[in-house]
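Structural overview for review
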Amino acid sequence: MLTEKDLIKQINEAGLANSSLCLHSAYRSFGALEEGPQTVINAFQKSGCTLVCPAFYYESQAFPVKQNYQNNGVDYQAVNEMRTVSFTGSIDQIEACMGVIPKQLLKQEGTLRTYHPSNSFAVLGPDAQALIADQSELNVYSIYKNIYQNPRPAYIVLAGVDFTSCTPIHFAEEVAGRRLFRRWAVSNGQVTETEEGSCSNGFEKLREQIQNIESVITLGNGEARIYEFHVFIDAVAKIIVENPDVTHCEDDNCIRCNDMALGGRVVEETLLT
Ligand SMILES: [Zn+2]
């Protein structure tokens, strides 16, 4: 069984100490750890890292309020009213599929959370306050923008998951010039307009084109893929610009992928009805 000390040693050997770290993980990939997911959080915290994890909560998503955008990844005729739960920021409001590490991170003293009702992020570490600057429901990837604009070391770590769970790729889509879709969600009892990422089911196809910037490290009892954040975003954005279809999933009829390949939401708020 690995201890916090073992993990800190691995983090140092991988060169991840004192970095901003976007962790996407399936906890089982770490194997048996002394204190479970808490060991992971403690090890990164004691290594001076600022940990960034998605803490999404889909239950708060609401149906489109009106047909007010073109090329928005929605077939408005086919949308049914969705059952929604108001997002309050409670630590219980996180999808199980986010994994146990983000769930545990929300409980940790000092963790900050962006207030986006459906796509919030949990952040812990010395740069947490700076990284949540400029957040808003219509600026879903503000944290990634802040990391990108800062020259400090930053990494994406994929532990037991692939690019379909790699949220920063949606930010690379933005850097490539795509306009993110608008959705709606309920936040503190109010329906609010939000910005969200698109379909990620086809993202793993990007891997073969960026093998040269991938490192595989030992993390816990398993392996993790790591990428330097700035290098990764620039490389993925360039691939998307050159071949917009590269992110498309296997479903030819996927409206989100089809609209995103065309550049995403049309900026003018054109009323269709
Ligand atoms: Zn798709």
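This text gives an overview of the structure that appears in the document. Per chain, residue numbering runs from 1 following the sequence as it is written. Where local features are concerned, this predicted model is filtered to residues with pLDDT of at least 70; where side-chain atom pairs are given and counted, the filter is 80 or more; whole-chain, interface and lining totals use all residues. Values reported for side chains reflect all heavy atoms of the structure, with hydrogen atoms and water molecules removed beforehand.

**Re the environment of E196**
Locating E196 in the fold gives a position in strand 8 (residues 190–196). Separated by 78 residues in sequence, E196 and S118 place their C-alpha atoms 8.4 Å apart. A contact between two residues is defined here by any heavy atoms of the two lying within 4.5 Å. Look past the residues within four positions of E196 in its chain and what remains in contact with it is Q61, H116, S118, N119, V140, Y141, L180, F181 and R183. In protein, a polar contact requires one atom able to donate a hydrogen and another able to accept it; more generally it is a pair of N or O atoms within 3.5 Å, and residues adjacent in sequence count only if both atoms are side-chain atoms. Within the structure, E196 has its side chain in polar contact with the side chain of Q61 (distance 3.1 Å). The helix count covers DSSP runs of H or I at least four residues long, the strand count covers runs of E at least two residues long, and both are numbered beginning at the N terminus.

**Quick word on the coordination of the zinc ion**
Perfect tetrahedral coordination of a metal by four donors corresponds to 109.5 degrees between them, and perfect octahedral coordination by six donors corresponds to 90 or 180 degrees. Shown as donors are all N, O and S atoms within 2.8 Å of a metal ion, widened to 3.2 Å for Na, K and Ca; because water is not in the atom set, sites may appear incomplete. Looking at the zinc ion, the protein donor atoms are C199 (SG), C249 (SG), C254 (SG) and C257 (SG), and they sit 2.3 to 2.4 Å from it. The geometry test gives tetrahedral to four donors whose angles all lie between 85 and 135 degrees, gives square planar to four donors and octahedral to six donors whose opposite members are over 155 degrees apart with all other angles between 65 and 115, and gives irregular to the rest. For the zinc ion, the four donor atoms in the first shell make angles of 100 to 117° at the metal, so the coordination geometry reads as tetrahedral. Here the donor residues of the zinc ion share one chain and are spaced in sequence as C-x49-C-x4-C-x2-C. As far as burial versus exposure is concerned, C249 and C257 are alike and both buried. Under the scheme applied here, a residue whose accessible area is under 20% of the maximum for its type counts as buried, over 50% as exposed, and between as partly exposed, the area being computed with a 1.4 Å probe on protein chains only.

**Quick notes on the side chain of S118**
Mapping S118 onto the fold places it in the loop between strand 4 (112–113) and strand 5 (121–124). Look at S118 and you get buried, because its relative accessible area is 0%. Only 3.4 Å separates the side chain of S118 from the side chain of N119, close enough to count as a polar contact.

**Focus: the packing of aromatic side chains**
For this analysis, a ring pair means two rings from Phe, Tyr or Trp (six-membered ring only for Trp) whose centres lie within 6.5 Å, classed as stacked if their planes differ by under 30 degrees, edge-to-face if by over 60, and tilted for the remaining angles. Scanning the entire structure with this criterion turns up 14 aromatic pairs. Arranged with centres 5.5 Å apart and planes meeting at 75°, the rings of Y148 and F171 form a pair that is edge-to-face. Of this pair, Y148 sits in helix 5 (residues 142–149) while F171 is found in helix 6 (residues 168–175), placing the two residues 23 residues apart along the sequence. The class of Y148 is partly exposed, set by a relative accessible area of 25%. On the basis of relative accessibility, which here comes to 4%, the residue F171 falls in the buried class. These aromatic residues form a ring-pair network of at least three members: F56, Y58, F121, Y141, Y144, Y148, F171 and F229. Over the ring of F163 we find R225, and its NZ or CZ is 4.6 Å from the ring centre. The ring of Y69 carries the charged tip of R265 above its face, separated from the ring centre by 4.8 Å. Charge-over-ring placement is defined geometrically: NZ (Lys) or CZ (Arg) within 6 Å of the ring centre, and within 35 degrees of the ring normal.

**Details of helix 6**
Of all eight residues in helix 6, seven are buried, a share of seventy percent or more. All buried positions along helix 6 are accounted for by P168, I169, H170, F171, A172, E173 and E174. Along its buried surface, helix 6 packs onto strand 1 (20–25), helix 5, strand 6 (154–159), strand 8, helix 7 (229–242) and helix 8 (255–261). G177 sits one or two residues past helix 6 and shows a positive phi near 105°.

**With respect to the pattern of salt bridges**
Any carboxyl oxygen of Asp or Glu within 4 Å of a side-chain nitrogen of Lys or Arg constitutes a salt bridge here. Applying the stated criterion across every chain, the model contains eleven salt bridges. For E214, the salt bridge is made with R207, and the minimal N-O distance between the two is 2.7 Å. When its relative accessible area of 14% is taken as the criterion, E214 is described as buried. A salt bridge links E242 to K238, with the shortest nitrogen-to-oxygen separation between them at 3.1 Å. Of this pair, E242 and K238 both sit in helix 7, separated by four residues, roughly a single helical turn. Of the two residues, E242 and K238, both sit in the exposed class. Through salt bridges with shared partners, one network takes in E204, R207, E214 and R225.

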